[in-house]
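# Coordinates in review
Okay, here's what each chain looks like letter by letter:
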Amino acid sequence: MSSVRATEAMRCIDQHADLIRGIAHEVWNYAELALHETRSAQCLAGALQDKGFELEVGVADMPTAFVATWGSGRPVIGFLGEYDALAGVSQEALPYRQKRESGDAGHGCGHNLLGAGAFGAAIGLKRALEAAGLPGTVKYFGCPAEENLSGKAFMAREGVFDDCDACFDWHPDQINRPSVGTTLANNAANFVFHGCSAHAAADPHLGRSALDAVQLMNMGVEFLREHVSQGARVHYVITGGGQQPNVVPPRAKVWYLVRSVQRAEVDDLWERVLQCASGAAKMTDTTYEVDMLKAIYNVLPNGPMTDLLFDCFERVGPPEFGKEAREFARQIAENISAEQRESAFRGRQIPDELRDKLLCDVVLPRPPKEDEPRGSTDVGDVSWCCPTARLRVACQVIGTPGHSWQYAAQAGMEIGYAGMLTAAKVMAEAAFEVATDERLLDRIKGDFKERTGGRPFESALQPDQKPALHQFGAEQG
Ligand SMILES: [Zn+2]
Ligand SMILES: [Zn+2]
């Protein structure tokens, strides 16, 4: 019975395919950075309002965070939307390198597709519930700053996800199946060192170099690297190192990101990174401050929800890549190295049967083992607040590097759009199952309770920590 009604959701998504594509393209064009996604958030929120959703804007002290709600009663089903871009990957929707004239940022992680696909799922579920005359609440979470600043962590701390019975997420990928496994928890901060300026040749003895402190901190961390747990990662970029070599830099700034599979391991590693900063300050007779940016959890999977996504993906089928998409794929594949392609096969557990394909046009079965945690997402925090599952849908040629111009190009044309529409359908189907099968929902909740031990979510953010609206603002030094 449910499959007939669920078709209602799929029909709705098909009917709105041009609208969903249009939203994805509009957000792709805006390509706005973390916590400055003003037009992108307005585009999605406006579209949801047009479809009868109630809006709450400026959630958790972030002007570009919003929640759109439709319906009433249980269950409460959430869809996670993202729309932030990345710096430095501006790219036209062309299969060769061509930076856009309009700016430096681009959708090199496909979050334009992510947000629009989640919109499709939300309106699809709404239609299916209406047609079936069933109760239920549909929530679209407009989550800013997934890259770098983790908007969901601040929303989770405010309890925004607490009343959800189940929350669905997806990400553009190179394969078609749900995610199985976890991600890396992480911390990020700016370390700002303060020294003393002096004429670099005439009075070097009067100077205390803040840049020296940054370099010594980095050296300390380089030696620390050998003594961290498997899978831990530490990255940094120097975002301020002085202005001219003949002046001892009085101020220098380094942005750190520290990751590990377990939240507790990040806490331990973070303490050791802080020691490197403190040691560097002592060695250089400088002072420093830590400007915390974020702290997030790894993803907590949900067994029954993941199984459900496998079933629904089978039923919906893979994305349909037309002639235009296939021709674009052929051309962009010339900009993907054999090593990148090989790495994708190993890292994503892609079966050898797909060796002769550029695009994954089949739904993959459950892989032999869990996915290696290769990156991080603030969906982690959501997954400790309510049962959450994640879908991956082919929106790029196999081997497309992450956070790249090749990725941004495909996110702005039919390869990405085909995958996005499929993602919307699979999530809407799965959500409708949850809304119509009480026993399934009991199993989902039981699995969640078992994995969390029934403990309430405790944010890893410092209690007084505010969203880092300044990080991509005017002041970048
Ligand atoms: Zn990303
Ligand atoms: Zn992403």
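Residues numbered from 1 in each chain as written. Chains lettered and ligands numbered in written order. Predicted model: local features only at pLDDT ≥ 70, side-chain atom pairs only at ≥ 80, totals over all residues. Heavy atoms only, no water.

## Re the nonpolar core
Note the threshold: To qualify as a nonpolar core, a set must consist of buried Ala, Val, Leu, Ile, Met, Phe, Trp, Tyr and Cys residues joined through side-chain atoms within 4.5 Å. Relative accessible area decides the class of each residue, using a 1.4 Å probe on protein chains only: under 20% of the type maximum gives buried, over 50% gives exposed, and in between gives partly exposed. Secondary structure is summarised from DSSP: a helix means a run of H or I of at least four residues, a strand means a run of E of at least two, and numbering begins at the N terminus for each. Contacts are assigned to residue pairs with any non-hydrogen atoms lying within 4.5 Å of each other.
Membership of the largest hydrophobic core comes to 68 residues, with the highest contact counts inside it found for Phe79, Phe168 and Trp170. Element by element, the count of residues in this core is highest for helix 13 (residues 414–436), at 13 residues. Sequence-distant contacts of Phe79, defined by excluding residues within four places in its chain, comprise Ala118, Ala121, Ala122, Leu125, Val138, Lys139, Tyr140, Phe141, Cys167, Phe168, Met427 and Ala431. Of all hydrophobic cores here, the second largest spans 35 residues; its members include Ala60, Ala65, Leu80 and Ala153.

## Notes on the pattern of salt bridges
What counts here: Here a salt bridge means any side-chain nitrogen of Lys or Arg lying within 4 Å of a carboxyl oxygen belonging to Asp or Glu.
Here the structure, examined in full by the defined rule, presents 31 salt bridges. Of the charged contacts in the structure, one is a salt bridge between Glu130 and Lys126, with a shortest N-O distance of 3.5 Å. Of this pair, Glu130 and Lys126 both sit in helix 4 (residues 111–132), 4 residues apart, which is roughly one turn of the helix. Glu130 gets classed as partly exposed once you look at its relative accessible area, which sits at 42%.

## Side note on the domain arrangement of the protein
Test applied: Bear in mind that the domain bounds are from an automatic or database domain assignment. Computed with a 1.4 Å rolling probe, the buried area is the accessible surface lost when two parts are put together, summed over both parts. By the criterion applied in these results, polar contacts are pairs of N or O atoms within 3.5 Å in which, for protein atoms, one can donate a hydrogen and the other can accept it, and in which residues neighboring in sequence qualify only through two side-chain atoms. Each residue gets one label: Ala, Val, Leu, Ile, Met, Phe, Trp, Tyr, Cys and Pro are nonpolar, Asp, Glu, Lys and Arg are charged, and the others, such as Gly, are polar.
Each domain of the protein was delimited in the assignment, giving domain 1 (2–182 + 298–452) and domain 2 (185–296). Once you take the C-alpha centre of each, domain 1 and domain 2 turn out to be 35 Å apart. In this complex, domain 1 contributes 13 residues to the contact, which on the side of domain 2 involves 9 residues. Regarding the contact of domain 1 and domain 2, the summed buried area is about 900 Å², with carbon and sulfur atoms giving 57% of it. The largest contributions to the domain 1 side of the interface with domain 2 come from Asn148, Asn298 and Ser376, which together make up 51% of the buried area. Counting the contacts that link domain 1 with domain 2 gives 0 salt bridges. One can count 4 residue pairs in polar contact (both at pLDDT 80 or more) joining domain 1 with domain 2. By residue class, the composition of the side of domain 1 that touches domain 2 is 4 nonpolar, 7 polar and 2 charged.

## Some words on the pairing of strand 2 (residues 66–72)
Operational definition: Pairing between two strands requires that DSSP report at least two bridges joining them.
Pairing of strand 1 (residues 54–57) with strand 2, which is carried by 4 bridges, proceeds in the antiparallel orientation. Within strand 2, the residue paired with Leu55 across the bridge is Ala68. Here 7 bridges tie strand 2 to strand 4 (residues 136–143), and the two strands are oriented antiparallel to one another. Paired with Trp70 across the bridge in strand 4 is Val138.

## Examining the packing of helix 8 (residues 303–316) against helix 14 (residues 438–452)
Filter applied, for reference: Fitting a line to C-alpha atoms yields each axis, with helices limited to the stretch in contact; the angle taken between N-to-C directions then spans 0 to 180 degrees. Each angle receives one of four descriptions, namely roughly parallel if under 35 degrees, roughly antiparallel if over 145, roughly perpendicular if within 65 to 115, and oblique otherwise.
Viewed as axis vectors pointing N to C, helix 8 and helix 14 meet at an angle of 135°, and their least axial separation amounts to 7 Å. Considering the angle they form, helix 8 stands oblique to helix 14. Side by side, helix 8 and helix 14 meet where Gly303, Pro304, Met305 and Leu308 of the first sit next to Leu440, Arg443, Ile444, Asp447 and Arg451 of the second. Broken down by class, the residue content of the contact of helix 8 with helix 14 amounts to 5 nonpolar, 1 polar and 3 charged.

## Quick word on the coordination of the zinc ion (ligand 2)
Selection rule: Coordinating donors are taken to be N, O and S atoms lying within 2.8 Å of the metal, or within 3.2 Å when the metal is Na, K or Ca; because water is excluded from the atom set, some sites may appear incomplete.
Within the first shell, the zinc ion (ligand 2) binds the protein through Cys109 (SG), His111 (NE2) and His171 (NE2), at distances of 2.0 to 2.3 Å. Each donor residue of the zinc ion (ligand 2) belongs to the same chain, and together they define the spacing C-x1-H-x59-H. Between the zinc ion (ligand 2) and the zinc ion (ligand 1) the interatomic distance comes to 3.2 Å, and Cys109 is a ligand of both metals. Separated by 60 residues along the polypeptide, His111 in helix 4 and His171 in strand 5 (residues 166–173) bring together distant segments of the chain.

## Description of the coordination of the zinc ion (ligand 1)
Which entries qualify depends on this criterion: Geometry is assigned from donor-metal-donor angles: four donors are tetrahedral when every angle falls between 85 and 135 degrees, four are square planar and six octahedral when opposite donors sit over 155 degrees apart with all other angles between 65 and 115, and any other arrangement is irregular.
Distances from the zinc ion (ligand 1) to its protein donors, Cys109 (SG), Glu147 (OE), Glu147 (OE) and His403 (NE2), fall within 2.0 to 2.8 Å. Relative to the metal, the 4 donor atoms surrounding the zinc ion (ligand 1) lie at angles of 52 to 146°, and the coordination shape comes out irregular. All donors of the zinc ion (ligand 1) come from a single chain, and their spacing in sequence reads C-x37-E-x255-H. Residue classification places Cys109 among the buried positions, given a relative accessible area of 12%.

## Some details on the sheet that holds strand 6 (residues 177–178)
Read across the open sheet, the 7 strands follow the order 1-2-4-3-5-11-6; overall the sheet is mixed. For this open sheet the edge positions go to strand 1 and strand 6, each flanked by a neighbour on one side alone. Across 3 bridges, strand 3 (residues 76–82) lies against strand 5 in parallel orientation. Looking at the pairing, Gly78 lines up with Cys167 of strand 5. Its contacts with the sheet place helix 13 against strand 3, strand 5 and strand 11 (388–394), and it is angled at close to 160° to strand 5.

## Regarding the packing of helix 2 (residues 17–30) against helix 13
To keep it simple, the criterion reads: For a crossing to be left-handed, the near helix must be turned anticlockwise from the far one by less than a right angle; the clockwise case is right-handed.
Two numbers describe how helix 2 lies on helix 13: the axes approach to 10 Å, and their chain directions differ by 125°. Relative to helix 13, helix 2 is oriented oblique. Viewed along their axes, helix 2 and helix 13 form a crossing whose handedness is right-handed. For the pair helix 2 and helix 13, contact is made by Ala17, Ile20, Arg21, Ala24 and His25 and by Glu414, Tyr417, Met420 and Leu421, respectively. Counted by class, the contact of helix 2 with helix 13 contains 6 nonpolar, 1 polar and 2 charged residues.

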